[in-house]
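Observations on the three-dimensional arrangement
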Amino acid sequence: MIKAVLFDFGLTLVHSKRWFDIEVETLVEDSLDILKEKGIIELSKEELVMARNFYIELREEARNTGKEITAFNTVDSALINLGIKLKKEVVNSAIEQLYKECLPTIRLGNGVEETLNRLAKDGYILSIISNAHYSPFILWVLDKFKIRKYFNDVIVSADVGKRKPFDEIYKIALNRLNIKPEEAFFVGDYYPYDIVGAKNAGMKTFWLTSEKKNEEREHADFIISEINEIPTYLKVE
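Nothing here was measured: the structure is a model prediction, and the numbers come from that model.

Criteria and thresholds
Residues numbered from 1 in each chain as written. Predicted model: local features only at pLDDT ≥ 70, side-chain atom pairs only at ≥ 80, totals over all residues. Heavy atoms only, no water. Buried < 20%, exposed > 50% of the residue type's maximum accessible area, 1.4 Å probe, protein only. Helix = DSSP H or I, 4+ residues; strand = E, 2+ residues; numbered from the N terminus. Pairing = 2+ DSSP bridges. Axes fitted to C-alpha atoms, helices over the stretch in contact; angles between N-to-C directions. Parallel < 35°, antiparallel > 145°, perpendicular 65-115°, else oblique. Left-handed = near helix turned anticlockwise from the far one by under 90°. Contact = heavy atoms within 4.5 Å. Phe/Tyr/Trp six-rings, centres within 6.5 Å; stacked < 30°, edge-to-face > 60°. Lys NZ or Arg CZ within 6 Å of the ring centre and 35° of its normal. Arc of directions from axis to C-beta.

In this section: the pairing of strand 1 (residues 4-7). The side-chain alternation of strand 1 yields two buried faces, one formed by A4 and L6 and the other by V5 and F7. Strand direction decides the pairing type here: strand 1 and strand 4 (residues 125-130), joined by four bridges, are parallel. Bridging from a neighbouring strand, L6 pairs with S127 of strand 4. Where strand 1 and strand 6 (residues 184-188) come together, four bridges link them in parallel fashion. The partner of L6 across the bridge, within strand 6, is F186.

See below:
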């Protein structure tokens, strides 16, 4: 019996190219730009390139090991690598400003609020598992669209130190909900992380995509093009 539905965050529930770019490429560079604009640090173009490359290396290590690094630790490590040490509150202030400036760029996916409302009324436990460096942003977004009330829990890789597709983060989420893997569906857009990772953790999956099922994508239990298709499929489970 299915008791819970867990969701990816970016490109599943919400959309923002700016947020995606920060997470995968520009977090360090943009944070240092803010510090530079405030007159707190001085950096050359070459040093900014060094910082960007350092971030790419950190992300690659995180992808390979499944161990997440927070936004603060990322930016702080990049600064130390450049020979700069700042107070924690100064670094955190720049990071907070960066993500708050990103907030207006985000939009809720089609049919998301209606689907969450329907699933909650049907008695399903709902949760989020997201790879992200800065968890406050995710909570801000949920509050912005008034959908936080639907979720029993929100798991962010930066908070638990684990990343998708490694199964530890799925196990953490399921344990916190007191749900067995076979009692839960995971919904996500990125096949290698969301679908393969969730299946390896023993969960069933909805792959949100415009692609058609093929031999290389055979692990998804259901393929959907719109998130509002989920309640219909759950009826027959």
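Further remarks concern the packing of helix 1 (residues 17-37) against helix 4 (residues 88-102). Relative to each other, helix 1 and helix 4 sit at 135°, their axes nearing to 9 Å. Here helix 4 runs oblique to helix 1, going by the angle between their axes. Between helix 1 and helix 4 the crossing geometry is right-handed. Packed against helix 1, whose contacting residues are R18, W19, I22, E23, L27, D30, S31, I34 and L35, the element helix 4 presents V90, A94, I95, Q97, L98, Y99 and C102 at the interface.

Moving on: the packing of aromatic side chains. Counted by the stated rule, this structure contains 15 aromatic pairs. Ring centres of Y99 and Y134 lie 4.7 Å apart, and the angle between their planes is 25°; this geometry places the pair in the stacked category. Here the residue Y99 occupies a position in helix 4, and Y134 occupies one in the loop between strand 4 and helix 6 (135-144), the gap between them amounting to 35 residues. The buried category is assigned to Y134, whose relative accessible area is 14%. A ring pair is formed by Y99 and F137, whose centres lie 5.7 Å apart and whose planes are at 55°; its orientation type is tilted. With Y99 in helix 4 and F137 in helix 6, this pair connects stretches of sequence that are 38 residues apart. As far as burial versus exposure is concerned, Y99 and F137 are alike and both buried. Taken together, the ring pairs in this structure connect F9, W19, Y99, Y134, F137 and W140 into an aromatic cluster. The side chain of K88 reaches across the aromatic face of F72, ending 5.3 Å from its centre. When the ring centre of W140 is taken as reference, the NZ or CZ atom of K100 above it lies at 5.5 Å.

V112, T115, L116 and L119 are the residues of helix 5 (residues 112-121) that are buried. The arc that holds every buried residue of helix 5, seen down its axis, measures 100°, which confines them to one face. In helix 5, the exposed residues that point more than 90 degrees away from the buried face are E114 and K121. The first or second residue beyond helix 5 is G123, which carries a positive phi of 95°.

The parallel open sheet is built from six strands, whose spatial order is 5-4-1-6-7-8. Edge strands, defined here as strands with exactly one partner in the open sheet, are strand 5 (153-156) and strand 8 (222-224). Pairwise comparison of adjacent strand axes, ignoring direction, gives a mean angle of 20° for this sheet. Packed onto the sheet, helix 8 (residues 167-177) meets strand 1, strand 4, strand 5 and strand 6 and runs at close to 160° relative to strand 5. Relative to the sheet, helix 9 (residues 191-200) contacts strand 6 and strand 7 (204-208), its axis offset from that of strand 7 by approximately 165°.

This part covers the environment of F20. Of note, F20 is situated in helix 1. The partly exposed category is assigned to F20, whose relative accessible area is 41%. Sequence separation between F20 and L116 is 96 residues; the distance between their C-alpha atoms is 23 Å.

By secondary structure assignment, the location of I2 is in the segment before strand 1. Given the relative accessible area of 12%, I2 is considered buried.

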